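Breakdown of the fold
Listed below, chain by chain, are the residues.
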Amino acid sequence: MKKKIKNEKEQIYFLDDYIPSSKDAGCKARIDARKIFLRRGYKSYPINYQPGKTFFSKVHFYISVFFRLCKIPRHSIIAVQFPLYYLGRISILFSYIASFKHLRTIILLHDLDFLRFGGKYGLKQKKGCRILFKAKNIISHNQKMTEVLEEIGIDSKRIVNLKVFDYLLDSRFPVSAHLNGNTVVFAGNLRKSLFCKNLKAINLKNISIRLYGVADNPTSLLSKNIEYAGCFKPDELPYKLNGNYFLVWDGDSLKTCSGLIGNYLRYNNPHKISLSIISRLPVIIWEEAALADFVVNEKIGFTVKNLFELEEKISHITENQYAEFQKNLERLSSSLSRGLYLESALEKAEADINAGEK
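From a predicted model like this one, the values you see are computed outputs, not experimental measurements. (Residues numbered from 1 in each chain as written. Predicted model: local features only at pLDDT ≥ 70, side-chain atom pairs only at ≥ 80, totals over all residues. Heavy atoms only, no water.)

**Topic: the overall build of the protein chain**
How we decide: In DSSP terms, a helix is any run of H or I states spanning at least four residues, a strand is any run of E spanning at least two, and both are numbered starting from the N terminus. Exposure categories follow from relative accessible area, calculated using a 1.4 Å probe and restricted to protein chains: below 20% of the type maximum is buried, above 50% is exposed, and the middle band is partly exposed. Contacts are assigned to residue pairs that have any heavy atoms within 4.5 Å of one another.
The helix and strand tally for the protein chain stands at 14 helices and 12 strands. The buried share among the 358 residues of the protein chain stands at 52%. Here the analysis covers contacts within the protein chain between residues at least 6 apart in sequence; of these, 74% occur between residues at least 24 apart.

Below is the structure:
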């Protein structure tokens, strides 16, 4: 018989691990999730140690984390953002502690690195997924990622689909774009987005491309119809984007989203989608991406097979279609800005856990 909790509200936590600050939007989803956990009544359980560079500092780091994890109250509900920053090797240890202390773990998936990186590194990361098998519930990105989790042996009954990441805003909404131009915006880590180096190969006549993000040598990316508009923090970026459409693409090719990073779009929810929605810019996304159906069904943009189609596809968008995109983006941006997608997923996960206790 399972032990009943006398004061369940006091025993709901989230593992509050270290989140580095950066102009790269990669941490935005984690920071927003932390705010939503707190707002929902989860208590912070800080594990914000950082490993040093020396052998002894690393040993001290792992010992400190181990004893800190051991102090989590038995039978607690605890949410974990996976993978953990600086704590990847602790995931296996945590899974054993969770079993021993009968912790009811909710995993919020940010990435599946064995899919994202593949090869020997990917196989190593797959072995670090033991924590997923021990979790009571997993918040997956979407149905495509859920199917991958099922393939590695995780029961689909324990999985909740997030659908799309939230994008919390502390102040006003960005001004809506208008169909008075044909500028396509791309925002991201331009060092990793290798296809940007080849954009000049597209014969751009009636559209232009505006790039945002971290870049080593942005001038090398420019041409007559391609410009670089700078790098901004994630909370500033929605107010800085200036264009008419938002491109969601990755990899090293203009013809398809190729390579491990490009192929990862088949499974994940790129945070660029959330940025596009909150900025109210209609989405242009690879037709084989996991969120392509979401974009089409929600009527917030359109898909492309390759980037050579951009000009033709944009030329066929009517004013009425664009107005419909804008209307739907406004509806979705209201939900994203308030964190309603993660709120809903957590509510389902909590209800499942509570049902299992009866």
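**Topic: the pattern of salt bridges**
Pairs can form between side chains of opposite charge whenever their charged atoms are close. Test applied: A pair is scored as a salt bridge if a Lys or Arg side-chain nitrogen falls within 4 Å of a carboxyl oxygen belonging to Asp or Glu.
Considering all chains together, one arrives at 14 salt bridges under this definition. When the shortest N-O distance is used, the salt bridge between Arg-40 and Glu-350 registers 2.9 Å. Taken together, the positions of Arg-40 in the loop between α1 (28-39) and β2 (43-47) and Glu-350 in helix α14 (residues 340-357) put the pair 310 residues apart, joining distant regions of the chain. Accessibility expressed as a relative area gives 26% for Arg-40, which makes it partly exposed. In this structure, Arg-116 and Asp-113 form a salt bridge, with 2.7 Å as the shortest nitrogen-oxygen distance.

**Notes on the sheet that holds strand β10 (residues 245-248)**
So the rule is basically this: If DSSP finds at least two bridges between two strands, the strands pair. Here an axis means a line fitted to C-alpha atoms, over the contact stretch when the element is a helix, while the angle between two N-to-C directions is reported on a 0 to 180 degree scale.
One open sheet holds the six strands; their spatial order is β9-β8-β7-β10-β11-β12, and the pairing between them is parallel. The sheet is open, and its two edges are formed by β9 (226-228) and β12 (301-304), each paired on a single side. On average, each strand axis in the sheet is tilted by 25° relative to the strand beside it, whichever way the strands run. Judged from the two bridges that link them, strand β7 (residues 183-187) and β10 form a sheet pairing that is parallel. Bridge pairing links Val-184 to Tyr-245 in β10. Of the strands in this sheet, β7, β10 and β11 (283-286) are in contact with helix α10 (residues 271-278), which crosses β10 at around 175°.

**Details of the sheet that holds strand β4 (residues 104-109)**
Reading across the sheet, the six strands line up as β2-β1-β3-β4-β5-β6 and stay open at both edges, with parallel pairing between neighbours. Strands at the two margins of the open sheet, each flanked by one partner only, are β2 and β6 (159-161). Taken over all neighbouring pairs, the strand axes of this sheet differ in orientation by 25° on average, direction set aside. In the sheet, strand β1 (residues 12-17) pairs with β2 via five bridges, with the strands oriented parallel. Following the sheet pairing, Asp-16 is matched in β2 by Pro-46. Here helix α3 (residues 90-100) sits on the sheet in contact with β1, β3 (77-82) and β4, set at roughly 165° to β3.

**Some words on the pairing of β10**
What you see with β10 is no split at all: Tyr-245 and Leu-247 on one side and Phe-246 and Val-248 on the other are buried throughout. The pairing of β10 with β11 spans three bridges and is classified as parallel. Looking at the pairing, Phe-246 lines up with Val-283 of β11.

**A word on a nonpolar patch on the surface**
Convention followed: In this analysis, a patch consists of residues with relative accessible area above 30% that form no salt bridge, clustered at 9 Å for like charges and at 5 Å for the nonpolar side chains Val, Leu, Ile, Met, Phe, Trp and Tyr. Using a 1.4 Å probe, accessible areas were evaluated by the Shrake-Rupley method; residue-level cover was limited to the displayed protein chains.
On the surface, Phe-55, Phe-56, Val-59, Ile-63, Phe-66 and Phe-67 cluster together into a nonpolar patch covering about 640 Å² of accessible area. Mapped onto the fold, Phe-56 is located in helix α2 (residues 55-70). Exposure remark for Phe-56: the relative accessible area of 66% places this residue in the exposed category.

**A closer look at the packing of aromatic side chains**
Aromatic ring pairs: the centre-centre distance and the angle between the two ring planes describe each pair. Just so we agree on the cut-off: Here a Phe, Tyr or Trp ring, Trp counted by its six-membered ring, pairs with any other such ring whose centre lies within 6.5 Å, and the pair is stacked when the planes are under 30 degrees apart, edge-to-face when over 60, and tilted otherwise.
Applying the stated criterion across every chain, the model contains 10 aromatic pairs. Geometrically, the ring pair formed by Phe-55 and Phe-56 is edge-to-face, given 5.5 Å between the ring centres and 75° between the ring planes. The burial state of Phe-55 is the same as that of Phe-56; both residues are exposed. Ring centres of Tyr-212 and Phe-232 lie 6.4 Å apart, and the angle between their planes is 45°; this geometry places the pair in the tilted category. Remark: Phe-232 occurs in the loop between β9 and α8 (237-240) and Tyr-212 occurs in strand β8 (residues 208-212); sequence separation between them is 20 residues. Overall, Tyr-212 belongs to the buried group, its relative accessible area being 3%. Judged by its relative accessible area of 22%, Phe-232 falls in the partly exposed class.

**Some points on the side chain of Gln-81**
Rule in force here: Polar contacts here mean pairs of N or O atoms no more than 3.5 Å apart (in protein, one a potential hydrogen donor and the other a potential acceptor; neighbouring residues in sequence count only if both atoms are side-chain atoms).
Here Gln-81 shows up in strand β3. The exposure class assigned to Gln-81 is buried, which follows from its relative accessible area of 3%. Engagement of the side chain of Gln-81 in a polar contact is seen with the backbone oxygen of Arg-30, the distance being 3.2 Å. Side chain to side chain, Gln-81 and His-110 meet in a polar contact 2.5 Å long. Once residues lying within four places of it in the same chain are set aside, the contact partners of Gln-81 are Ala-29, Arg-30, Ala-33, Arg-34, Phe-37, Leu-108 and His-110.

**Some points on the pairing of β7**
Buried residues dominate β7, accounting for five of its five residues. Both faces of β7 are covered, namely the face carrying Thr-183, Val-185 and Ala-187 and the face carrying Val-184 and Phe-186.

**Section: α2**
To keep things clear, this is the line we draw: One less than the number of residues in a helix, times 1.5 Å, gives the span that helix is expected to have. This arc corresponds to the set of directions leading from the helix axis out to the C-beta atoms.
Spanning 16 residues, α2 covers 23 Å between terminal C-alpha atoms, matching the ideal 22 Å at 1.5 Å per step. Turning to α2, its buried residues number three or more, namely Phe-61, Ser-64, Val-65 and Leu-69. The buried residues of α2 occupy an angular sector of 125° when the element is viewed end-on, so they sit on one face. Turned more than 90 degrees off the buried face of α2, the exposed positions are Phe-55, Phe-56 and His-60. Contacts from the buried residues of α2 go to β1, β2 and α3.

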